[in-house]
Amino acid sequence: MLLAFSTWPEIDARLKSSRTVIIPIGSNEQHGPMGLLGTDWLCPEIIAHAAEKEGDLLIAPTFNIGMAQHHLGFSGTISLRPSTFMAAISDWVNSLARHGFDRIYFLNGHGGNVATIEAAFSEIYSDYSYSAEACPFILKLRNWWDLPGIARLCARIYPTGHGTHATPSEIAVTFAAYPDRVKSHLMEPQIAPSGPIRDALDYRARFPDGRIGSDSSLATVEDGRAIIAASVTGLIEDIAKFDAD
Ligand code: NI
């Protein structure tokens, strides 16, 4: 069930049998010369929407802008500051919790979001801790690449050149879902450099085409299909565990 394509009475009825909701969350940021700017929100959305067809899941609208200050040196990137992002996460959670959702699961597609999402969770829980009230919901963050079986699968498909940004696995997922949007580019160097992530000018100087440690040109539609299928299985399994928590 997709929240955006439901009516309020349908969500009201849904809450009588399940109080779990999944929020795909990502970022709109550069992904090297052949990766789509939407890659980090497209991947969790693609996986969540595919899982919704197979399991009894409720998927919220995609939270598609994240913490990407370090990518602002590349055209098309849109970023929230950590403080803005945390405030927005808190408002999303409190809106859903107000309706009675008690299990709120963020399926994340951007490594740069992790610290801020975890900090937002701590801020939200703090409100209950300081007032000695029981928090009526639980929150979970899961990166799609940490779903059961995915890291092993990606390591097998891409023994070299996977890297950490504009990875062939994330690009393959978008290509499999949108084959008419496939791009190609001659990678120079084949495998991008690695290094620390700081501010946008430093990032641009260290990683001139935007990739980190990856060879995006390894991405294929076929690999993407395999990664999506395994992620769907992993997500349904992970949500079953979360429901039982
Ligand atoms: Ni990415």
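Below you will find a few notes about this structure. Values in this document were obtained by computation on a predicted structure and should not be read as measured data.

What counts and how
Residues numbered from 1 in each chain as written. Predicted model: local features only at pLDDT ≥ 70, side-chain atom pairs only at ≥ 80, totals over all residues. Heavy atoms only, no water. Donors = N, O, S within 2.8 Å, 3.2 Å for Na, K, Ca; no water. Buried < 20%, exposed > 50% of the residue type's maximum accessible area, 1.4 Å probe, protein only. Helix = DSSP H or I, 4+ residues; strand = E, 2+ residues; numbered from the N terminus. Pairing = 2+ DSSP bridges. Disulfide = S-S within 2.5 Å.

### Thoughts on the coordination of the nickel ion
The coordination sphere of the nickel ion contains the protein donors His31 (NE2), Asp40 (OD) and Glu170 (OE), at a distance range of 1.9 to 2.1 Å. Counting along the primary sequence, the residues that act as donors to the nickel ion give the motif H-x8-D-x129-E. For the residue pair His31 and Asp40, the accessibility class agrees, reading buried in each case.

### A word on the pairing of strand 2 (residues 103–108)
With 6 of 6 residues buried, strand 2 lies mostly within the body of the structure. On strand 2, burial covers both faces: Arg103, Tyr105 and Leu107 on one face and Ile104, Phe106 and Asn108 on the other are all buried. Two strands pair when backbone bridges link them, and strand 1 (residues 20–25) and strand 2 are joined in this way by 6 bridges, in the parallel orientation. Counterpart to Ile22 in the pairing with strand 2 is Tyr105. Two elements, strand 2 and strand 3 (residues 138–143), share 6 bridges in a ladder whose sense is parallel. Looking across to strand 3, one finds that Ile104 is bridged to Leu139.

### Here we look at unusual backbone geometry
Note the cis peptide between Glu188 and Pro189, where omega equals 0°. Although it is not a glycine, Ala132 sits at a positive phi angle of roughly 55°. Positive phi is not limited to glycine here, since Ala166 has a value of about 60°. You can call Ala166 buried: its relative accessible area is 0%.

### Digging into the state of the cysteines
Within the structure shown, the criterion is met by 0 disulfides. Between Cys43, a cysteine without a disulfide, and Cys154, which holds the nearest cysteine sulfur, the sulfur-to-sulfur distance is 10.0 Å. Residue classification places Cys154 among the buried positions, given a relative accessible area of 7%.

Take it as geometry only, folks, not as evidence of what the structure does.
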